[in-house]
Amino acid sequence: MLVAQHILDKEGIIMPYCWPEDTGFTRIELAVEERWCQTCGGALTTCDHRHHRVFTLNGPLHLVCKLAHCPTRACPAHPQTLSPEAETAITMPWWVLGWDVVCWLGQRRFARHWSVGQLRAELADTYQIRLSADAIETYIHRYQQMLAARRQAPDQLATAYADVEAVMLAIDGLQPEKGHETLYVVRELERKRVWFAEPLLSSATTEVQQLLVQARIWAERLGKRVRLWISDKQDAFVRGIAAEFPGVPHRYCANHFLRDVAKPVLDADSRAKVKMRRRIRGLRAIEREVLAEQRPAVPAHGAETNPPAPQPEAVARDVVLEYCAATRGILNDDQGGPLHPPGIRMAEALGEVHASLQRNLEAQKGGLLRTDSPVWPATSTGG
Ligand SMILES: [Zn+2]
């Protein structure tokens, strides 16, 4: 049972969605679940209809909510209007999107990192749901609120931490998009959960302190000892944690440390790559040379003969082209971060190519390949 008064008030402050004339709605009638007045026991009667149109992923719905009340004037419940609760399984009373669309938006925004523009285009193209960017942002915000409420629900949290002996907490300020406050996030590392996040206008000690107090209250409510704090060396964190969690070890974040050393490492790596690229030259010239030699005689049109067996020279030319392609791939590979610098991978891979060429040359000296092959001298000078 929902009391309708609150819903009607709420609806009044929301801009109604402007549905195009030709929208094809599926009509669903919803009635109040109770048939009898809970106060006097008399039969409830339908007193009004509320029309609610929403988008779902399966097309637009026209919900007709039959509002009910107790017709007995003497009954204290008489002024109350009741609204069907079934509506809330489809959407919230003042929304223009069904739950399925809201979840679709939230999942794509946060699990797949789609932009609002992408979401908007995909909703319009695939589901014929046309929304403004503002509206999408509003619903993403509602999704976040719902998700946060769910994650922070005390019973959910207690279940998640039932078999955790002590918690490890971390705090960090996330750099916002331009014009927004820094978002301070408190995370717990045993269960890898974001406990809560607050946008703070300043990183002043007093403001940060409030978050640390909140973290202490959460840990106390769970009945868990805090065995470690992790953060960067921001003054507000260092002092605040020492004040609020005396005796709890405070470690500086390895990620921040890594980020600080990553830059010089990657700079040095990048310089090494430039040097290697400068040394490995002439791939194009070798390829051109090989391709120039590789002009096969075109068989007469319609001649249905088996293809001729490849000549040793042709095989050798293919090998050379493959070496060139492999080397070019190695020189263009930029994957990897500071823990796996791309330059080191490049050096290792080039070393393998070099060793492979060396094996070929030694085999050639041993007479396994024809010494009059015109191809090999070209590669060895190129390497
Ligand atoms: Zn009544």
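Draft legend 1. Focus on the pairing of strand 7 (residues 182–188). As judged from the 6 bridges shared by strand 6 (residues 166–174) and strand 7, these two strands associate in the antiparallel manner. Across the sheet, the residue bridging to Leu174 is Leu183, located in strand 7. Direction of pairing for strand 7 relative to strand 8 (residues 193–200): antiparallel, over a ladder of 7 bridges. Within strand 8, the position partnered with Val185 by the bridge is Ala197. Here strand 7 folds back onto strand 8 in antiparallel fashion, the turn holding 4 residues, of which Lys192 has a positive phi close to 50 degrees.

Draft legend 2. Looking closely at the coordination of the zinc ion. Bound to the zinc ion are the protein donor atoms Cys37 (SG), Cys40 (SG), Cys70 (SG) and Cys75 (SG), situated 2.2 to 2.4 Å from the metal. Taken together, the 4 donor atoms surrounding the zinc ion define angles of 102 to 118 degrees at the centre, an arrangement classified as tetrahedral. Sequence positions of the residues that donate to the zinc ion give the spacing C-x2-C-x29-C-x4-C. Here Cys40, found in the loop between strand 2 (26–31) and strand 3 (45–56), pairs with Cys75, found in the loop between strand 4 (59–69) and strand 5 (82–83); they are 35 residues apart in sequence, far enough to count as distant.

Draft legend 3. Quick peek at the sheet that holds strand 10 (residues 250–252). Overall, mixed pairing links the 5 strands, which are arranged 8-7-6-9-10 in an open sheet. Each end of this open sheet is capped by a strand with a single partner; those strands are strand 8 and strand 10. Strand after strand, the sheet turns through a mean of 20 degrees between neighbouring axes, direction not considered. Helix-sheet contacts for helix 7 (residues 205–222) involve strand 6, strand 7, strand 8 and strand 9 (225–231), and the interaxial angle to strand 8 is about 155 degrees.

Draft legend 4. Broad picture of the pattern of salt bridges. Applying the stated rule across the entire model yields 14 salt bridges. Where Asp163 meets Arg191, a salt bridge forms, and the shortest distance between an N and an O atom there is 2.9 Å. Separated by 28 residues along the polypeptide, Asp163 in the loop between helix 6 (154–160) and strand 6 and Arg191 in the loop between strand 7 and strand 8 bring together distant segments of the chain. In this structure Asp163 comes out as exposed when scored by relative accessible area, which is 64%.

Here is what the cut-offs are and how they apply
- Residues numbered from 1 in each chain as written.
- Predicted model: local features only at pLDDT ≥ 70, side-chain atom pairs only at ≥ 80, totals over all residues.
- Heavy atoms only, no water.
- Pairing = 2+ DSSP bridges.
- Helix = DSSP H or I, 4+ residues; strand = E, 2+ residues; numbered from the N terminus.
- Donors = N, O, S within 2.8 Å, 3.2 Å for Na, K, Ca; no water.
- Tetrahedral: all angles 85-135°; square planar, octahedral: opposite > 155°, others 65-115°.
- Axes fitted to C-alpha atoms, helices over the stretch in contact; angles between N-to-C directions.
- Contact = heavy atoms within 4.5 Å.
- Salt bridge = Lys/Arg side-chain N within 4 Å of Asp/Glu carboxyl O.
- Buried < 20%, exposed > 50% of the residue type's maximum accessible area, 1.4 Å probe, protein only.

Keep in mind these numbers describe shape, not what the thing actually does.
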